[in-house]
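# Results of the structural survey
Residues per chain, in single letters:
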Amino acid sequence: MISSLQNAVRPIFDRPSLRYFPFLTLLFLVFSVLRAHPASSETLSLDDVVRQLVERVAAIPNLHSPLHLEFIQDSVVLSDTGKDWQEAFRKEMERHHLILTDDQAAPLLRVGLAVTPTQLVLSAVARVAERNAVRIITLPRSSFQAASLPIVPIRIERQLVYQGPDRILDASSLWNGAEGGMALLAIHNAELSVLRLDASGGVKQFIALNAADAHPSRDPRAELTVRAADSVVLLPSKSCEFSWASPAEARCRAVKPTWRGSTVLTPPCDTGGWKLLADGSDWSTPGVLQVVPDGSQREGSAALLSDFPGPILSINGEQNPASALVVTRNLRTGNYEVYKITLACGS
Amino acid sequence: MRCTKSLSLAAVSACLAALVAPTGLLATKHPKFGGTLRVELHVASVSLDPREWKPGSVTAAENMKVASLVFDRLIALDEFGRFQAALASEWSHDAASKIWQFRLRSGVRFSDGSFLTPKEVAAALQPLLPPALQISATEEGIQIRAAHSTPDLLDQLASGRYFIFRAHPDGTLLGTGPFILVESSPPAPAEANPSVLRPAHMKFRANEDAWAGRPFVDFVEVILGDPPLRQILNLEVGRADIIDIPPDLVRKVRQDNLRVWSSPPYTLLALRFDEAQPAASDPRLREALDYALDRETMASVLLQRQALPATALLPQWLSGYAFLFGTPMNLDRAKEIRSALPASVAGGAEPLRLRVDATGDLMKLLGERVAVNARQANISIQPVAHVPTSAGTSATNSPSPGLHLFAWHYDSLSPRADLQALAQHLHSDAGDESLAESSDPEKLYADERRLLEERQILPLILLPEYAGIAPVVRNWSVTPSGEWRLADVWLATAEPATSNNESATGRDTALGVHP
């Protein structure tokens, strides 16, 4: 069993590199003999954990209701989970016939939800027979986040079309834009890779760009230009062309890159273009996408602003005049996300 | 000003005018390579050899901060609770979490150009791992065998001293990290004024072949041992980019409108009883002192709200359950217990001697505050000076102390490992073996409660770390264990007019695009 979390918790890629990994096959055999590690709490949701905790609280010997309930919650967790879990806790208490009261003189049951570097910790303490009875249940933070992330794309002016833990450098619509789908330039296991995804987000093709011999760089600049037969990846010092049909024959050459200029979109009801701008200078702060009219005579007349959950890392509108793909890193989850930005007419 | 699309057209136009026109909004800006990052730390020296670090010591924490420039670990933990591959690319374990396999990332080189091998990883980790963990090299990685279930092994390996290095016979260590140490000089008399000591200095250059990518800055200069006020001045005038700030100076720095970063509380200040003075072994005296301590006031008044009262051994950010331990202060109860003790115990001519095991005004003040609290419960405590000698022994001639005021840094991301290390520190022997056997949170809580009820240690306050950061420093971030990710930092200095010119700030700005 492979338990590196970027693979185990939220598989994104088909992980083709592992196909060539006899070591893992050996490990698999070894651990099959040793009995596979159970999935354990990795698949639990917060509601599951709340249910388990209430069951354990209800089983505390000599615990008598009514109880006065007090919640303690880290501010960090509050922003992630809200207070829904508290309501779930109350309902579970009722289900176990434990009566709650506002009477402060009643025995106190304190319940806390906290986040540590690796876990969510749900704990309860009740005073029973002059002693504290404590029950604690933990849940890996990573599994909680994976379970809690919105998986249904949102669509106001933008639509979340992809998210994953691997670093995404650029995203491009496919040449056959009408059919949907996109290509991602990503770093997977420290290798430069291109993924072709269908409209539903499924990975149709994974290409490890070994020919690029790309030395790992902290410089986030890289661009993917997708064409029907072949495509181009532009890096800070080189350019690589590859074809979807025979990706192993990628050819690279040293170039001084000319990065793409501003992305300009044209909505159906306006013949003038609108420029997409962002200040991605600091990765520790959320970005704001600004959509401003293109052309000097129109600048300053109006702007649309859209808050993103993290810094905006790339904007690519090359394939479709009406939409662009924006890559950001969600500062709450750490995932890289791709949003489709469409300029629709009307409010 | 915050603008949304629901604003009226006029307001939107105003927003645009304010946000766009004056600054000439640019398309996405990108980080720049180049420049020298200047870091000032208050410690006088650092050791880059993890084998020499004493668990829990504050100096070890500073060592780790600097060592993370040149060394990597097998894995890392990100701020979202996910373990990330570092020198290990894959890992797995058996059902009992006793046998762990790590596959090494291929193609990783040490700073001398030689390849990292499984044997070197095993050799580096073996002296650092607890005796219950045995490591061996395999064909493509390493295997760690534990005597008991160790589900928190990743938490441990992603933090603390578990760096990978190659030790040369002459004692130098090579790393695979983002920087390479190129200069190191001890404190020396200043040329202009030999009566003044020039602080110790270390210089690191970017590792062009770092497996995770070349750092943005070309160099990191670390100045050690400058007094805090001089560090603050250097930050203000642009001579330093990052400094560490003592908690008692944070307010001043904030009032100066400097950028201050703060961490979760990584350091515990606590009292430890020492039975070398007989009165300290009396459990009733310990209990009375515990009830007498006013931790809230220590944190809010003495530390000006730059610290937190500590009622547990592990902080809330690490254990998640610290709130379950209530506040023990109860002066009436303290007096009651004290009154039942003989007057000669910690009183009159035989006060309980308190030794402060760390230097600095803050510790001294805290020791005095402990004495004041104790006096309110009729317990006599006498702080005694402690001057460590170069040999590490105490230079004081006073009788053995019954109390120590000490600082403890949480090294590990595993709360169990931290509690075990603390227990070992208390008992100065093999420690509590039962703590090594389970990561069950309820057992951990029970163990911590037992240690607290023994009252050999009385937690006082928890200290965050503070850093002052210059405006030119971009992309500042910190690992969950408190190490600074300086390889990801870049400097937002103006492009020089020519490659030979210096910028307006006078700093080294040979900025350019990494090839």
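Our subject is the structure listed above.
In this report, the structure presented in the accompanying data block is examined. (Residues numbered from 1 in each chain as written. Chains lettered and ligands numbered in written order. Predicted model: local features only at pLDDT ≥ 70, side-chain atom pairs only at ≥ 80, totals over all residues.)

## Regarding the overall build of chain A
Applicable threshold: Strands are runs of DSSP state E lasting at least 2 residues, helices are runs of H or I lasting at least 4, and numbering of each runs from the N terminus. Exposure criterion: with C-beta atoms placed from backbone coordinates, a residue whose C-beta has 20 or more other C-beta atoms within 10 Å is buried, one with 12 or fewer is exposed, and one in between is partly exposed. Any two residues are considered in contact once their C-beta atoms, placed from the backbone, lie within 7 Å.
The secondary structure content of chain A amounts to 6 helices and 21 strands. Burial analysis of chain A (347 residues in total) assigns 38% to the buried set. Expressed as a percentage of contacts within chain A between residues at least 6 apart in sequence, the contacts between residues at least 24 apart total 52%.

## Things to note about the sheet that holds strand S12 (residues 230–234) of chain A
Residue and element names in this part refer to chain A. We count it as follows: If DSSP finds at least two bridges between two strands, the strands pair. The angle between two axes is taken between their N-to-C directions and runs from 0 to 180 degrees, where each axis is a line fitted to C-alpha atoms and a helix contributes only its stretch in contact.
Reading across from one edge, S11-S12-S13-S14 is the order of the 4 strands in this open sheet, with antiparallel pairing throughout. Looking at which strands have only one partner, the edges of the open sheet turn out to be strand S11 (223–226) and strand S14 (251–254). Across the sheet, the mean angle from the axis of one strand to that of its neighbour is 15°, orientation sign disregarded.

## Observations regarding unusual backbone geometry
In this chain, Ser65 of chain A is followed by Pro66 of chain A through a cis amide linkage whose omega measures 10°. Although it is not a glycine, Asn257 of chain B adopts a positive phi angle of roughly 60°. Its location among the elements puts Asn257 of chain B in the loop between helix H6 (250–255) and strand S16 (259–273). Residue Asn257 of chain B is classed as exposed on the basis of its C-beta count, with 8 C-beta atoms lying within 10 Å.

## Overview of the pairing of strand S10 (residues 203–208) of chain A
Residues and elements named next belong to chain A. In terms of strand pairing, strand S9 (residues 191–197) meets S10 through 5 bridges, oriented antiparallel. Across the sheet, residue Arg196 finds its bridge partner in S10, namely Gln205. Hairpin connection from S9 to S10: 5 residues lie between these consecutive antiparallel strands, with Gly201 at a positive phi of about 95°.

## Here we look at the nonpolar core
Convention followed: Under the definition applied here, buried Ala, Val, Leu, Ile, Met, Phe, Trp, Tyr and Cys residues are grouped into a nonpolar core through C-beta atoms within 7 Å.
If you look at the biggest cluster of nonpolar residues, it comprises 170 residues, and the most contacted ones within it are Ile75, Leu460 and Ile461 of chain B. Counting residues per element, this core draws most heavily on strand S21 (residues 457–469) of chain B, which supplies 7 residues. With 47 residues, the next largest nonpolar core counts Leu184, Leu235, Ala278 and Leu343 of chain A among its residues.

## A few points about the sheet that holds strand S3 (residues 108–115) of chain A
An order of S2-S1-S3-S4-S5 (chain A) is seen for the 5 strands of this open sheet, with the pairing classed as mixed. For this open sheet the edge positions go to strand S2 (100–101) and strand S5 (131–140) of chain A, each flanked by a neighbour on one side alone. Here strand S1 (residues 67–73) of chain A pairs with S3 of chain A via 6 bridges, running parallel. Directly across from Leu69 of chain A, in S3 of chain A, lies its bridge partner Leu109 of chain A. Relative to S5 of chain A, helix H13 (residues 441–454) of chain B is tilted by about 135°, and along the sheet it contacts strand S4 (119–128) and S5 of chain A.

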